Amino acid sequence: MEPINDTHISQFLLMGFSEDPESQPIIFDLFLSMYLTTVLGNMFIILAITSDSHLHTPMYFFIGNLSFVDICFTSTTVPKVLLNIQMKSKIITYGGCITQMYFFILFAALEDFLLTVMAYDRFVAICHPLHYTVIMNPQFCGLLVLLCWIFSALHSLLESLLVLRLSFCTDVEIPQFFCELNQVILLACSDTFVNDIVIIFTAVLLAGGPVAGIIWSYSKIVSSIRVISSMQGKYKAFSTCVSHLSVVALFYFTSIGVYINSSVMHNAHSGTVASVLYTVVTPMLNPFIYSLRNKDIKEALRRLFRRKLIKDTLS
């Protein structure tokens, strides 16, 4: 029987997880613990950077922005998952789905752009150390972050508006735990040619461009490190990039996994696993990557907790 065309569909069903009642509490506890870890971990990074004057530098300014984006990114999906499990429901309204999709695309694009800007920051710091403070001045850093927001918002708005023009069938089951763009488009009964073309074009432009920028920045960094004579100097220069490279690898590998599963393989189980890694695990691990491998942030966190402890003792 052919699916019925219904332009005014009122809701979708998020089918990303097992319907087994016994597994629901486990999924709830797992997502809640990961969400709290993500929020608290990134909040501590932001507090450490804002409260410590030693960390008021371009690199930590971008790390602070990345932590804020990570909190927002995971908050677009996880609270709805927790609510649906508690309510024993899989429903998300049409408006809620479009809103979730908009903010998901916004913060995913923001993270992509910020990682590129951070690669450029490392390039300037290592390849042009004498001009670093002049080039990466506060006004320029603020402008770079503002441009990241503008481009991300425009991209997200375009994708969301193109989805709004589609009509949907009564088959409204999304094989994900959130409204993922490709999966929503697959449910449309109307022609999705424009949506498909825009997705391909923006994927090449907004993913290929930043990746090319990161590769270019690190090719220059490697060239600069190679001419350093001492091994200690080479290690010191490269150690400032390790955390960023780890986050870049984690972000792009998981995002590629989500894209392949949603656009090529259409495997519901592996797609859900890839999405959990991309939307929940990556933002959760980022603060650990930056804090465990960064002496300045570890010292700032110690000072922050010490001040809090002294304040609580005196009060």
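Here, every reference points to the structure presented above.
**Section: the overall build of the protein chain**
Next up, step 1: Summing up its helical and strand segments, the protein chain has eleven helices and five strands in all.
Next up, step 2: Whereas a compact globule of 315 residues would reach a radius of gyration of roughly 20 Å, the protein chain reaches 22 Å, a difference of no more than 12%.
Next up, step 3: By its C-alpha atoms, the protein chain is 70 × 50 × 30 Å across when sized along the principal axes.
Next up, step 4: Here the protein chain holds 315 residues, and 48% of them are scored as buried.
Next up, step 5: Contacts in the protein chain between residues far apart in sequence, at least 24 positions, make up 79% of those at least 6 positions apart.
Next up, step 6: Both charge centroids of the protein chain, one from 18 positive and one from 20 negative side chains, sit 20 Å from each other.

**As for the state of the cysteines**
Next up, step 1: Summed over the entire model, instances satisfying the criterion amount to two disulfides.
Next up, step 2: A disulfide bridge connects Cys 97 with Cys 179, and the sulfur atoms are separated by 2.1 Å. Every disulfide takes its handedness from the sign of the S-S torsion; for Cys 97 and Cys 179 that torsion is -125°, giving left-handed. Here the residue Cys 97 occupies a position in helix H4 (residues 94–127), and Cys 179 occupies one in the loop between strand E5 (173–174) and helix H7 (181–186), the gap between them amounting to 82 residues. For the pair shown, Cys 97 and Cys 179 are each scored as buried.
Next up, step 3: Disulfide pairing is shown between Cys 169 and Cys 189; the S-S distance is 1.3 Å. Every disulfide takes its handedness from the sign of the S-S torsion; for Cys 169 and Cys 189 that torsion is 135°, giving right-handed. Taken together, the residues Cys 169 in strand E4 (residues 168–169) and Cys 189 in the loop between H7 and helix H8 (193–226) connect sequence positions 20 residues apart.
Next up, step 4: According to the relative accessible area criterion, Cys 189 is partly exposed, its value standing at 30%.
Next up, step 5: Sequence-ordered numbering of the bonded cysteines in the protein chain yields a pairing of 1-3, 2-4.
Next up, step 6: Free cysteine: Cys 127, not disulfide-bonded; nearest cysteine sulfur from Cys 241 at 8.9 Å.

**Let's talk about a nonpolar patch on the surface**
Next up, step 1: On the surface, Leu 36, Leu 40, Met 43, Phe 44, Leu 47 and Phe 305 cluster together into a nonpolar patch covering about 530 Å² of accessible area.
Next up, step 2: The biggest single contributor to the nonpolar patch is helix H1 (residues 24–51), with five residues.
Next up, step 3: Within the fold, Leu 40 resides in helix H1.

Conventions we followed
Within each chain, residues carry numbers counting from 1 in the order of the written sequence. Side-chain atom pairs in this predicted model are given and counted only at pLDDT of 80 or more, local residue features only at pLDDT of at least 70, and totals for whole chains, interfaces and linings cover all residues. No hydrogens and no water enter the side-chain calculation; it runs on all heavy atoms of the structure. Numbering of helices and strands runs from the N terminus, with a helix taken as a DSSP run of H or I at least four residues long and a strand as a DSSP run of E at least two residues long. As a reference, a globule follows 2.2 Å times the number of residues to the power 0.38, and the radius of gyration itself is taken over C-alpha atoms. Accessible area is worked out with a 1.4 Å probe on protein chains only. A residue is then buried under 20% of its type maximum, exposed over 50%, and partly exposed in between. Between two residues, a contact is recorded if the distance between any of their heavy atoms is within 4.5 Å. We count Lys and Arg on the positive side and Asp and Glu on the negative side, and we leave His and both chain ends out. All charge positions are set by atom: Lys at NZ, Arg at CZ, Asp at CG, Glu at CD. The disulfide criterion used throughout: a pair of cysteine sulfur atoms within 2.5 Å. Patch membership is restricted to residues that have no salt bridge and whose relative accessible area is over 30%. Joining uses 9 Å for like charges and 5 Å for the nonpolar side chains Val, Leu, Ile, Met, Phe, Trp and Tyr. Per-residue accessibility takes into account occlusion by the displayed protein chains alone, with areas from the Shrake-Rupley method and a 1.4 Å probe. What counts as a salt bridge is simple: a side-chain nitrogen of Lys or Arg found within 4 Å of a carboxyl oxygen of Asp or Glu.

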